[in-house]
Structures are given as C-alpha cells and as structure tokens.
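A structural walkthrough
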Amino acid sequence: QVQLVESGGGLVQAGGSLRLSCAASGGTFSMYAMGWFRQAPGKEREFVAAISRSGSLYYADSVKGRFTISRDNAKNTVYLQMNSLKPEDTAVYYCASRWSTVVTEANLYAYWGQGTQVTVSS
C-alpha cells in the first residue's frame, strides 16, 4: 500500500505563499500519478493540480499561474508551491496517488493523505 503524509499548511495573508509537501511510502513512487485536492467547509472535494509519471502538469483553472506542482522521485515527495494566495484558497489540502495516468476525479485516486489546513486571511 501507498501511504501519504502532507505537511506545510498554515495561516497566511492574502498574496502570500506556502509550499505543501507530500511524502509517500510504499510502492514504486515514480510509477504513480500524484495529485492535490482541496476541500473547503461545506464544499465538495475539488481537483487542484496533478503531475504524471513523466512530469506532465495539470491544473485547475482557479489556480493556473499561481500554483506549481512538482515531484522529486528521489525523495518520494510531491510538492505544491502556492503563490499569490487568495482567501478562496482556504481549505484542507489533500495529497492523492493512483497507479498509472493522471485523472482529475477524486474518486479515481486510491491513496490519500490525512490533509493539511491552509488558511488565507484577507
């Protein structure tokens, strides 16, 4: 089984930056597509960003130009660099993993971290 642990969340002012990390264990990390999702209170879990096994990048329209997903296969870690944060980015952010190709549907990811809270104040 793949286990994922997120870190790096916190409280920032609008316009600030955070970098989230997701440490993975189990499985062959380089063979998994990795994604970030977020869930705000009272809302559905939504796709944020994903990176394929080959490094192709995918972003939700709401974060394009502000967030960057990357992976370091040597460290079994995925990152989400979040810049120009907005109050509407406030949510619990979850790291997710699935075998093979990238998808944007949360229900198609088999492995999930516990989440890390990101709060952006105005």
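Since the structure is predicted, the reported quantities are computational estimates derived from the model, not experimental observations.

Rules and cut-offs
- Residues numbered from 1 in each chain as written.
- Predicted model: local features only at pLDDT ≥ 70, side-chain atom pairs only at ≥ 80, totals over all residues.
- Heavy atoms only, no water.
- Pairing = 2+ DSSP bridges.
- Helix = DSSP H or I, 4+ residues; strand = E, 2+ residues; numbered from the N terminus.
- Axes fitted to C-alpha atoms, helices over the stretch in contact; angles between N-to-C directions.
- Core = buried A, V, L, I, M, F, W, Y, C linked by side-chain atoms within 4.5 Å.
- Buried < 20%, exposed > 50% of the residue type's maximum accessible area, 1.4 Å probe, protein only.
- Salt bridge = Lys/Arg side-chain N within 4 Å of Asp/Glu carboxyl O.
- Polar contact = N/O pair within 3.5 Å; in protein donor to acceptor, adjacent residues only side chain to side chain.

1. Some points on the sheet that holds strand S3 (residues 18–25)
Pairing is antiparallel across the open sheet formed by four strands, whose spatial order is S1-S3-S8-S7. For this open sheet the edge positions go to strand S1 (3–7) and strand S7 (67–72), each flanked by a neighbour on one side alone. Put simply, the sheet's adjacent strands are angled 15° from each other on average, direction ignored. For S3 and strand S8 (residues 77–82), the ladder comprises six bridges, and the chain directions are antiparallel. The partner of Ala23 across the bridge, within S8, is Thr77.

2. Focus: the nonpolar core
Most often, soluble globular proteins keep nonpolar side chains buried together rather than apart. Core analysis: the largest hydrophobic core is formed by 36 residues, its most contacted members being Met34, Trp36, Val48, Phe67, Leu80, Met82 and Tyr93. Residue assignment for this core shows that the elements contributing at least two residues are S3, strand S4 (32–39), strand S5 (46–51), S7, S8, strand S9 (91–99) and strand S11 (116–121).

3. Here's the deal with unusual backbone geometry
Phi is positive for Asn76, close to 50°, though the residue is something other than glycine. Classification of Asn76 as partly exposed rests on a relative accessible area of 28%. Here Ser100, not a glycine, exhibits a phi torsion of approximately 80°, which is positive. Looking at Ser100, the relative accessible area reads 23%, which means it is partly exposed.

4. Remarks on the pattern of salt bridges
Taken as a whole, this structure holds four salt bridges when the rule is applied. Measuring nitrogen to oxygen at the nearest pair gives 3.0 Å for the salt bridge that ties Lys64 to Asp61. When its relative accessible area of 49% is taken as the criterion, Lys64 is described as partly exposed. Arg66 serves as the salt-bridge partner of Asp89, at 2.7 Å between the closest nitrogen and oxygen. With Asp89 in the loop between S8 and S9 and Arg66 in the loop between strand S6 (57–59) and S7, the pair connects residues that are 23 residues apart, well separated along the chain. Residue classification places Arg66 among the buried positions, given a relative accessible area of 10%. Here the salt bridges share partners, and the residues they tie into one network are Arg38, Glu46, Arg66 and Asp89.

5. Points about the side chain of Thr77
Summarising the element assignment, Thr77 is placed in strand S8. Among the residues examined, Thr77 registers a relative accessible area of 9% and is labelled buried. A distance of 2.8 Å separates the side chain of Thr77 from the backbone oxygen of Lys75, its partner in a polar contact.

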